[in-house]
Amino acid sequence: MRIVYGVHGYGRGHATRALAVLPALMQRHDVLVLAGAEAYGVLRAKYKVERIPRFRFYYGKSGRLSNWLNFKRNVSGILDLFLQGPCSEMVADVIKQFEPDVVISDSEAFTHHVGRRLGIPRISFDRYGQLAHCELRLSTMDRLRQRGGSFVYDLLCRKPERAVVTCFFPAPTRNKNVRLVGPVIRSEVLGVTPGDGEHLLA
């Protein structure tokens with residue numbers, strides 16, 4: 001198969017998950033990796049990566065995530081995403097040229113939106129799907145936060161055909177198109193022998 005693999009660029013967690021998955025995917029398939037910002041920097045050391053725009057998170061003076069700053073500083077990208085602006089068209093051109101059979105997206109909004117628009121089947125593969133696709137036992141306040149976060153997540157991911165969710169615990173899923181898997185760990189980490197020492201590595 002020909003697979004477009006989109007990686008959310010903020011931070012290194014999404015890129016680290018991709019580093020664990022890409023070797024196996026590339027043994028059997030032709031894979032085009034798209035990523036921006038920090039993920040692009042991490043992945044390009046090992047793979048050919050097409051640089052794409054990215055959304056990021058912003059924090060207030062208290063150190064807490066700021067909804068206002070996130071909206072204010074990402075609004076131009078959001079408009080581009082929904083109105084098929086120049087960034088969306090650039091991603092669309094790259095994807096069309098590759099002619100993929102499927103798009104796998106680790107929380108990457110442009111590949112989700114463009115894949116949907118082009119009629120390419122999409123698989124969401126991330127951790128946030130726990131909140132969007134699973135029934136969780138939450139307090140009333142946490143449930144309200146979950147619904148707000150899930151609404152934004154659904155807007156950015158546009159309801160993919162399938163979802164693979166990394167999760168530390170079993171949880172009932174809301175539909176049959178969602179599959180839970182355990183934490184995705186790189187072979188370099190699995191190969192390390194643990195021992196007694198002065199620090200705990202999580």
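These remarks concern the structure in this document.

Cut-offs and rules
- Residues numbered from 1 in each chain as written.
- Predicted model: local features only at pLDDT ≥ 70, side-chain atom pairs only at ≥ 80, totals over all residues.
- Heavy atoms only, no water.
- Helix = DSSP H or I, 4+ residues; strand = E, 2+ residues; numbered from the N terminus.
- Rg over C-alpha atoms; globule rule 2.2 N^0.38 Å.
- Buried < 20%, exposed > 50% of the residue type's maximum accessible area, 1.4 Å probe, protein only.
- Contact = heavy atoms within 4.5 Å.
- Axes fitted to C-alpha atoms, helices over the stretch in contact; angles between N-to-C directions.
- Parallel < 35°, antiparallel > 145°, perpendicular 65-115°, else oblique.
- Nonpolar A, V, L, I, M, F, W, Y, C, P; charged D, E, K, R; others polar.
- Pairing = 2+ DSSP bridges.

### Some details on the overall build of the protein chain
- From N to C terminus, the protein chain includes 8 helices and 7 strands.
- The C-alpha atoms of the protein chain give 17 Å as radius of gyration, which agrees with the globular expectation for 202 residues (17 Å, within 12%).
- Principal axes of the C-alpha set define a box for the protein chain whose edges measure 50 × 45 × 40 Å.
- Across the 202 residues that make up the protein chain, the buried fraction comes to 41%.
- In the protein chain, the proportion of contacts linking residues at least 24 apart, taken out of those at least 6 apart, comes to 59%.

### Thoughts on the packing of helix α5 (residues 109–117) against helix α7 (residues 140–157)
- The geometry of α5 relative to α7 is characterised by a closest axis approach of 7 Å and an angle of 55° between their N-to-C directions. Relative to α7, α5 is oriented oblique. Packed against α5, whose contacting residues are Ala109, His112 and His113, the element α7 presents Leu155, Leu156 and Cys157 at the interface.
- Across the contact of α5 with α7, the residue classes tally to 4 nonpolar, 2 polar and no charged.

### Quick word on the sheet that holds strand β4 (residues 102–106)
- Read across the sheet, 7 strands follow the order β3-β2-β1-β4-β5-β6-β7 without closing on themselves; strand pairing throughout is parallel. Looking along the sheet, the strands with just one partner apiece sit at the ends: β3 (49–51) and β7 (178–181). Here the strands of the sheet are splayed against their neighbours by 20° on average, with no regard to which way each runs.
- Here strand β5 (residues 122–126) pairs with strand β6 (residues 162–166) via 4 bridges, running parallel. Bridged to Ile123 within β6 is Arg162.

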